[in-house]
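Secondary and tertiary structure notes
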Amino acid sequence: MGKLIVSLSPHAHGTDSVEKNMFGVVIALIPAILVSFFYFGLGSVVVLLSSVAFCMFFEWAITKYMLKREPTLTDGSAIVTGLLLGMNLPSNLPVWIIIIGALVAIGVGKMTFGGLGNNPFNPALVGRCVLLVSFPAQMTSWPMAGQLTSYLDAQTGATPLAIMKQAIKSGDVSILDKLPSATQLLLGSNPTLGLGTIGEVCALALLLGLAFLLWKKIITWHIPVSIIATVLVFSGLLHLVNPIYANPLSEILSGGLMLGAIFMATDYVTSPMTHKGQLIYGIAIGFLTVVIRNWGSYPEGMSFAILIMNAFTPIINLSTKPKRFGEVMKK
Amino acid sequence: MKLHTFKIGGIHPEENKITAEVKTRNAALPKVAIFPLGQHIGAPAKPVVKRGDVVKVGTLIAEAGGFVSAPIYSSVSGTVAKIDTRIDATGYRKPVIIINVEGDEWEDSIDRSEKLESLAEHPELTPENISDIIKKSGITGMGGAGFPTFIKLCPPPTAKAECVIINGVECEPYITSDYRLMMEHAEEVIVGLQLLMKAAKVERGYIGIEENKPEAIKLLTQLTADDSRIEIVALAQKYPQGGEKQLVDAVINRQVPAPPAIPVNVGAIVQNVGTAYAVYQMVMKHKPLFERYTTVTGKKLKNPGNYLVRMGTTFAELIHACGGMPEGDNKVLAGGPMMGKSVMSLDVPVTKGTNSITILSGDEAHRKSVQPCIRCGKCVDVCPMGLEPYLLATLSANKLYERLEKEDVTSCMSCGSCQFTCPSHRPILDNILQGKGVVMGMIKARNVKK
């Protein structure tokens, strides 16, 4: 007879795992990745590959040589960070800048806090925002569509968000006529303008990813829906008051809003634990995004809004306890 | 049809009810029977026999050792070999009475006929009368926790019982002993419920059964058709619906507040199916509690099945009857995989609360390797008590016990849903239980000071 194994209950375990969740996110990103190849060609391949490769390299090197721990590459979190960082970059970004981004994302955003599960801010967004303020020129030149073989030499143009900003600054409503239609934004066909980051080009592909994440129960609807609904309502009100503010549909379909709402803000580690907390967090992100987009100095506000709210996550957790069983009866 | 269930949290573990259709067999008499004196919550029983005494099946061998306590009756006939200590299913060394089995001679007072006695035939039974018999019978909750049954029938003066709810949920994977009991002795269970209702002086009775036992729901609905006071409630399948508070919530939609509140504070008295059957046996047949339905099960076990077991029979004997231990490393549980206790030795005996012996082997027996908490919040989502398991586990690991008390750790019912669902396989419940133990000690010390 073999040994008797003794442990505390429970003795059964579900089939969920960290790997399942991480690779679930990777699968959910596939439509958006494929679409990015279609619009950006070579640039997308170079940026995404180098971002993932360097994120994985830094994760491995830092855990092994600086933290002196068993490398944890297999949990898939470095791949997710790498992909999401790549999705948040322009397709004509030089590799040396991507390397800096990956080092900041993994090294500063994640490992300084102790690795997976301990980072207060979304690592990919930390990487992106550091690059945005360090290399503003390279980080805000957006290639136009249809240059599948160009990389560093791609022709660039203004993005829809830049146009919206321009309209507000100048007070000239007619500038908004240059905006693509909602259908164009949904599908990503946008011939006269710069396309934005690799991941934000096609809202439809991102929504497919959302459907997958919800179906596999990797995330719940609370964060993405509250963000999108808040932006819709808030920018809709602004649009009604003054048409200089773009229509709400263009607001939710352009820029990093969908990418952020579906893939960045829902990051387990940096978002609140309860559904009530997630709704507050989502509403606040939506609100901040509109504020930054319309009145801040950057045309896009999603990344900053998420990072700001990341900082509030512990406070939200403290103030949104779930309702204890039987509490209804107390009083 | 809309199925009732409890409102927050819950999980769906794999059912594995492999013994559901296996008819109950009588387990062989043990050669030596071991009776732990603490088979219930509360003070252990006090032996009333000594070495060399001759006992029969149904002879009182230990009397209640306090108000929250219950007597113990011999399940075998023979000679008391010694009063000693043994390791029981909890892993602690506890006092026991050991009896050498000789023959199978029953006390004459026990009615061994199969005839069904109905309540109508016994007008002499008054509520006080029934409670008294139950108190003497040694019946304790047979779902696992082991709370002496008669205490539930005399609620505190501030509470008033309105209904009796019979727990036929059996939400733990693998276990089928309650199901078999309902299928094989449905009429007795119903009379047991009627007796409990009479003892508690209530006019409402419910039997809650999960939808994965349609045959039992059908059978009991048919048999109770002529008693309008009793309702069979079909429940959606969800763990831990067999928890008292969850069951009350599911069946009558009332939420029992945090401890020290108990179900009767919202009008409900909850009893297990096995308890109802034992009540019938004692009141109608004068048969005290000394045997019970137990499932012996496991995926690798040769002949898993349901057994009517004399208490005091060791796990080893029952497992031997099922074809012996499977190859390799195994985990043997007193109870099911969610809340059962893994035993350190197969020489522990079946007691009043042993609803199942579950053998997990291979991958099932080992825990998975632990990864960092990714703060996914899934443990919060599934907690049926509305707690934050990740937070309780962290506070506990960091020994922040005062904060832990504020976060309602004492409400944790150890159902294990958090640990079951955790994608990082973290020992959440291990940590919580450690902290809960310290907090309970703190509360006790404070109350003593007052």
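Note that the coordinates shown come from a computational prediction; the quantities given were computed from them, not determined experimentally.

Rules used throughout
For every chain, the first residue of its written sequence is number 1, and the numbers climb from 1 along that sequence. Ligands are numbered from 1 and chains lettered from A, in the order in which they are written. Per-residue local features are limited, in this predicted model, to residues with pLDDT of at least 70; the limit for side-chain atom pairs, both in listing and counting, is 80 or more; totals at the level of whole chains, interfaces and linings are taken over all residues. Working from all heavy atoms in the structure, the side-chain values ignore hydrogens and water. UniProt positions are given in the numbering used here, feature names are shortened, and annotations may be inferred rather than shown by experiment. Under the scheme used here, helices are H or I runs from DSSP no shorter than 4 residues and strands are E runs no shorter than 2 residues, and both carry numbers assigned from the N terminus. Only protein chains enter the accessibility calculation, which uses a 1.4 Å probe; a residue whose area is less than 20% of its type maximum is buried, one above 50% is exposed, and one in between is partly exposed. Residue contacts follow a heavy-atom distance rule, with two residues in contact if any of their heavy atoms lie within 4.5 Å. Polar contact is the term for a pair of N or O atoms within 3.5 Å; when the atoms are in protein, one must be able to donate a hydrogen and the other to accept it, and sequence-neighboring residues count only if both atoms are side-chain atoms. The pairing criterion is simple: DSSP has to find at least two bridges between the two strands. By convention, a crossover is right-handed whenever its connection, traced from the first strand over the helix to the second and viewed with the strands pointing away, goes clockwise. A simple way to read buried area is as the amount of 1.4 Å-probe accessible surface that goes missing from two parts once joined, with both sides added. Should a side-chain nitrogen of Lys or Arg be within 4 Å of a carboxyl oxygen of Asp or Glu, the pair is scored as a salt bridge. To obtain each axis, a line is fitted to C-alpha atoms, and for helices this fit is confined to the stretch in contact; angles are then taken between N-to-C directions over 0 to 180 degrees. Buried residues of nine kinds, namely Ala, Val, Leu, Ile, Met, Phe, Trp, Tyr and Cys, make up a nonpolar core once their side-chain atoms join them within 4.5 Å. What makes a crossing left-handed is the near helix being turned counterclockwise from the far one by less than a right angle; a clockwise turn instead makes it right-handed. In summary, the pairing rule links any two rings of Phe, Tyr or Trp, Trp by its six-membered ring, whose centres are within 6.5 Å, and it sorts them by plane angle into stacked for under 30 degrees, edge-to-face for over 60 and tilted for everything else. A ring has a charge above it when a Lys NZ or an Arg CZ is no more than 6 Å from the ring centre and no more than 35 degrees off the ring normal.

With that settled, consider the UniProt feature "modified residue: FMN phosphoryl threonine" (unreviewed entry) in chain A. All names here are of chain A. The sites that UniProt annotates as "modified residue: FMN phosphoryl threonine" (unreviewed entry) are Thr159. With respect to the helices, strands and loops of the structure, Thr159 is situated in the loop between β2 (156–157) and α7 (160–170). For Thr159, a relative accessible area of 8% gives the class buried. Setting aside chain neighbours within four positions, we find Thr159 in contact with Trp142, Gly194 and Gly196.

What follows deals with the side chain of Asn119 of chain A. All names here are of chain A. Mapping Asn119 onto the fold places it in the loop between α4 (95–110) and α5 (123–134). Residue class for Asn119 comes out buried when judged on its relative accessible area of 5%. Within polar-contact distance, the side chain of Asn119 engages the backbone oxygen of Phe121 at 3.1 Å. When neighbours within four sequence positions are excluded, Asn119 is seen to be in contact with Gly109, Lys110, Phe113, Asp267, Val269 and Thr270.

Bringing the pairing of strand β10 (residues 204–210) of chain B into the picture now. Residues and elements named next belong to chain B. In terms of burial, β10 is largely enclosed, as six of its seven residues are buried. Inspection of the sheet shows strand β9 (residues 163–168) paired to β10 by six bridges, in the parallel sense. Residue pairing across strands places Asn167 opposite Gly208, the latter belonging to β10. Regarding the hand of the β-α-β motif, the stretch spanning β10, helix α5 (residues 214–223) and strand β11 (residues 230–235) is right-handed.

Along a regular strand, successive side chains alternate from one face of the sheet to the other. Residues and elements named next belong to chain B. A large share of strand β12 (residues 268–272) lies buried, amounting to five of its five residues. With burial as the criterion, each face of β12 is covered, one bearing Ala268, Val270 and Asn272 and the other bearing Ile269 and Gln271. Across five bridges, the pairing between β9 and β12 is parallel. When the bridges of β12 are listed, Cys163 appears paired with Ala268.

This part takes up the environment of Ser414 of chain B. Residue and element names in this part refer to chain B. Residue position: Ser414 is located in the loop between α11 (401–406) and α12 (417–421). Put simply, Ser414 and Asp430 are 16 residues apart on the chain and 9.3 Å apart in space, counted from C-alpha to C-alpha. Other than its neighbours up to four places away in sequence, Ser414 contacts Met339, Leu429, Leu433 and Lys436.

What follows is about the interface of chain B and chain A. Taken together, the contact between chain B and chain A spans 62 residues of the former and 39 residues of the latter. Around 4400 Å² of area is buried between chain B and chain A when both sides are counted, 58% of it from carbon and sulfur atoms. Seen at the junction of chain B and chain A, the total is six salt bridges. When the shortest N-O distance is used, the salt bridge between Arg324 of chain A and Glu388 of chain B registers 3.4 Å. Joining chain B to chain A, the criterion identifies 28 residue pairs in polar contact (both at pLDDT 80 or more). Of all elements in the fold, only α6 (244–252), β15 (330–334), β16 (341–342), α9 (378–382), α10 (389–397), α12 and α13 (428–449) of chain B reach the threshold of two or more residues within the side of chain B that touches chain A. In terms of residues, the side of chain B that touches chain A owes the most to one element, β15 of chain B, which gives four residues.

Turning to the sheet that holds strand β4 (residues 54–55) of chain B, a few remarks are in order. Residues and elements named next belong to chain B. Ordered in space as β2-β8-β7-β4, the four strands form an open sheet in which the pairing is antiparallel. With one partner strand each, in any of the chains shown, β2 (32–36) and β4 form the two edges of the open sheet. In this structure, β4 lies alongside strand β7 (residues 78–87), joined through two bridges in antiparallel fashion. Bridge pairing in β7 links Val55 to Gly78.

Moving on to the sheet that holds β16 of chain B. Residues and elements named next belong to chain B. Sheet architecture is open: six strands sit in the order β1-β14-β13-β17-β15-β16, paired in mixed fashion. The outermost strands of the open sheet, each flanked by one partner alone, are β1 (25–26) and β16. Bridge count for β15 against β16 is two bridges, and the pairing is antiparallel. Pairing of Ala334 across the sheet is with Lys341, part of β16. Set on the sheet, helix α3 (residues 177–184) makes contact with β13 (291–297) and β14 (305–310); between it and β13 the angle comes to about 125 degrees.

For the rest of this paragraph, the subject is the nonpolar core. Grouped together as the largest cluster of nonpolar side chains are 88 residues, with contacts concentrated most on Phe263 and Ile285 of chain A. The biggest single contributor to this core is helix α1 (residues 18–40) of chain A, with 11 residues. Not counting the four nearest positions on each side in its chain, Phe263 of chain A is found in contact with Val25, Ala28, Leu29, Leu84, Leu206, Gly209, Leu213 and Met258 of chain A. Counting residues in each nonpolar core, the second largest holds 52 residues, with Ala20, Phe150, Leu153 and Ile269 of chain B among its members.

Residue and element names in this part refer to chain B. The feature "binding site: [4Fe-4S] cluster 2" (unreviewed entry), as annotated in UniProt, sits at Cys383, Cys412, Cys415 and Cys418 in this numbering. These annotated residues cover 36 residues of sequence, but their C-alpha atoms sit close together, with the largest distance between any two at 10.7 Å. Residue placement: Cys383 occurs in the loop between α9 and α10. Taking relative accessible area as the criterion, Cys383 reaches 9% and is therefore assigned buried. Once you skip the residues sitting within four places of it in the chain, Cys383 turns out to touch Ile8, Gly9 and Pro389. If we skip the residues at most four places from it in the chain, Cys415 touches Tyr239, Pro240, Met338, Met339 and Pro384.

Here we come to the packing of helix α3 (residues 77–87) of chain A against α5 of chain A. Residues and elements named next belong to chain A. At a closest axis distance of 8 Å, the pairing of α3 and α5 adopts a crossing angle of 35 degrees. Two packed elements cross with a definite hand, and for α3 against α5 that hand is right-handed. Residue-level inspection shows Thr81, Leu84 and Leu85 of α3 in contact with α5, the latter providing Pro123, Ala124, Gly127 and Arg128.

Moving on, we get to the packing of aromatic side chains. On inspection of all chains with the given rule, the structure shows 13 aromatic pairs over all chains. A centroid spacing of 6.2 Å and a plane angle of 40 degrees characterise the contact between Phe57 of chain A and Trp60 of chain A, whose relative ring orientation is tilted. Separated by three residues within a single helix, Phe57 of chain A and Trp60 of chain A lie in helix α2 (residues 42–66), roughly one turn from each other. Residue Phe57 of chain A is classed as partly exposed on the basis of its relative accessible area, which comes to 41%. A ring pair is formed by Phe212 of chain A and Trp215 of chain A, whose centres lie 6.1 Å apart and whose planes are at 70 degrees; its orientation type is edge-to-face. Of this pair, Phe212 of chain A and Trp215 of chain A both sit in helix α9 (residues 203–215), three residues apart, which is roughly one turn of the helix. Classification of Trp215 of chain A by relative accessible area gives exposed; the value is 61%. The aromatic ring of Trp106 of chain B is capped on one face by Arg112 of chain B, whose charged end is 3.8 Å from the ring centroid. One residue, Lys238 of chain B, lies across the ring of Phe6 of chain B, its end atom 4.4 Å from the ring centre.

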